[in-house]
Amino acid sequence: MAVTVADPEPGAPHQPSRTRRFPRAWLLRLAAALVSGFAYYLSFAPRPLWWLAPLAFAGFALVLRGRTFRGAFGYGFAFGFVFFLPLLTWLLDFLGPDFGPWPWLGLSFALALYYGLAGGLITWVSRLPAAPLWAALVFVALETPRAWFPFGGFPWGRVAFSQPEGAFLPLASIGGAPLVGLAVVLSGFCLAALAARLWETRKPTHPAVFAAVGTLLPVVAGLALWPTIGTDAQDGERTIATVQGNAPDIGLALQGERALLRRNTIAESRRLLDAIHAGKVPKPDLLLWPESATTVTGPDPQVDQLVASFGVPALIGALYQLPDGHLQNSVIAWDPNTGPGQRYAKQQLVPFGEYVPARKLAELVTPFLDQETVDMVPGDGANQAMAVAGTKVGVFVCYEAAFDYPGRDAVRDGAEVLVVPTNNAWYGESEMSVQQLAMSRLRAVEHGRAVVVSAVSGVSAVVAPDGTVTSSTGLFTADSLVGRVPLRTQTTLSDRLGAWTEYGLLALAIAGVAGGLVLRFRTRRGSAGTAGEAAD
């Protein structure tokens, strides 16, 4: 007998309708979907409530029981909309009052449609054996197209990003963010199936036992993997200093304050240099500047002199001007003797921040396009891992932390430590910075590497290979961090499998939906045949 997360569609044996007793039952289900969606939001940073995520999905699964595709789509949309609205409030800080709430509401609406589709498709797999597993596969599979569309993808709010600590995190070393997400959703859906089965039968049954196993297995598997998460140095250690120069909290208007960002970063670098000379902090092996801390249009004697004063190589986050005048968001390896060398250019640009999709249409509603803004040019992935300070340093920039491929490509290119220059000053005193830090913590475990986050205005952090934050700064303050990190060469199973994990889960979800459709078709044909025989 299958364990289901939704009841049969018309054509299945009749069951008493609870709606008759509760004419407003849809209101209760809607309220439950909204509460579950908000509980899911609460599981994200800065709150260490990772365990709320599976409970939220348990509530969501109970709401979907017995629903049609259309009803489940609506409840799924409600679950997603109330989740994305508070999660993405930092968009209001970024865009400012000129735009109003419409971009924030529009993006939340668009992303919630994915959750609505997930809810509807879950009803199609609800009669399959091991239905909670198929339902979890469907939900997590829809995170893949969300990384493609709209506007080149927006994977913010993936299930795995709610798990920078806790029982599920070690699974990132096996299957990356997709496997962590699947484990969380599966645990919640199985919990819902277990609760429903016990409520209906009032005693343990085989389906209830299977549901209990499905609830606990992802948790036990994650906990069992904790001892395998390596944090030891395999090729020595490096001391890395990161400079946080700070910036004014003015959102999109920060575009016009490039000179101030540079002055602040240089000033904090000099304070750090004084502290090193005074023996207050150790001399680093590598100096790290945050994203877009300066603009490089040619020779830069001031940066040359500053890096030479440190006497160690630096990775300089800069807007680099190409010969044709266009800009690339770059990280430049700067030698204390020879100056700028290798350069990595950000590949995954921020829509409406670093380029404008559908520009002609956007000009009708976007006031800052009147200032003749020019789209940045994305990088091609070259120099993802740069030879600097006697090691290979993998780089991915800001928004790229939300995508799986940049960190994976860096490790495959030989990176022994990862750095994430970022500029979150656009987003005010919101939760955006800590949400992004949670992604870097997940990436540390996924790739088995220490991660150093260098932010213009915070949060900068040193993250151990097990996702632990060993030191960090506050928001909107000038500060520096100097931390010693292990260099690691061993690749995780997640990196060896690469994108096959994600695409494998996607293929299984598609197969489950197809199987569910076939089963529904056969059930309806069988019901029609039985009705015809009875009429004869």
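One can find the structure itself at the top, above this paragraph.
Here the structure is a predicted model, which means the values were calculated and not measured.

About the cut-offs
Residues numbered from 1 in each chain as written. Predicted model: local features only at pLDDT ≥ 70, side-chain atom pairs only at ≥ 80, totals over all residues. Heavy atoms only, no water. Helix = DSSP H or I, 4+ residues; strand = E, 2+ residues; numbered from the N terminus. Buried < 20%, exposed > 50% of the residue type's maximum accessible area, 1.4 Å probe, protein only. Contact = heavy atoms within 4.5 Å. Core = buried A, V, L, I, M, F, W, Y, C linked by side-chain atoms within 4.5 Å. Pairing = 2+ DSSP bridges. Polar contact = N/O pair within 3.5 Å; in protein donor to acceptor, adjacent residues only side chain to side chain.

A. How the structure looks around the overall build of the protein. Across its full length, the protein holds 16 helices and 13 strands. Of all 536 residues assigned to the protein, the portion counted as buried reaches 56%. Nonlocal contacts in the protein, meaning residues at least 24 apart in sequence, comprise 72% of its contacts between residues at least 6 apart.

B. Expanded view of the nonpolar core. Of all hydrophobic cores here, the largest spans 102 residues; its most connected members are Tyr 40, Phe 57, Leu 88, Trp 156 and Phe 189. For this core, the element with the most residues is helix α8 (residues 172–201), which contributes eleven residues. Setting aside residues up to four positions removed in sequence, Tyr 40 forms contacts with Ala 53, Ala 56, Phe 57, Phe 79, Phe 83, Tyr 115, Gly 157, Arg 158 and Val 159. Within the second largest apolar cluster, 22 residues are counted, among which are Leu 286, Leu 315, Val 393 and Ala 450.

C. Region of the structure containing unusual backbone geometry. For the bond from Ala 45 to Pro 46, the omega torsion is 15°, close enough to zero to count as cis. Of note, the bond from Phe 149 into Pro 150 is cis; its omega dihedral lies within 30 degrees of zero at 5°. Turning to its location among the elements, Pro 150 is positioned in the loop between α7 (143–146) and α8. Here the phi dihedral of Ser 292 falls at roughly 50°; this positive angle occurs in a residue that is not glycine. By secondary structure assignment, the location of Ser 292 is in the loop between β2 (286–288) and β3 (294–296). Although it is not a glycine, Asn 383 adopts a positive phi angle of roughly 60°. Of note, Asn 383 is situated in the loop between α12 (359–362) and β7 (385–388). Judged by relative accessible area, which is 26%, Asn 383 ranks as partly exposed.

D. A look at the pairing of strand β12 (residues 469–472). Both strand β11 (residues 461–463) and β12 contribute to a ladder of three bridges, which runs antiparallel. Note on β12: the bridge partner recorded for Val 463 is Val 469. Hairpin geometry of β11 and β12 is characterised by an intervening segment of five residues between the two adjacent antiparallel strands and by a positive phi of about 90° at Gly 467.

E. Region of interest: the environment of Trp 334. As for its placement among the helices and strands, Trp 334 is situated in strand β5 (residues 327–335). By relative accessible area, which is 2% here, Trp 334 ends up buried. Measuring from C-alpha to C-alpha, the distance between Trp 334 and Val 312 comes to 8.9 Å, with 22 residues separating the pair along the chain. Those residues in contact with Trp 334, other than ones at most four positions away along the chain, are Val 296, Asp 300, Val 303, Asp 304, Val 307, Pro 313, Ala 314, Ile 316, Gly 339 and Pro 340. Separated by 2.7 Å, the side chains of Trp 334 and Asp 304 make a polar contact.

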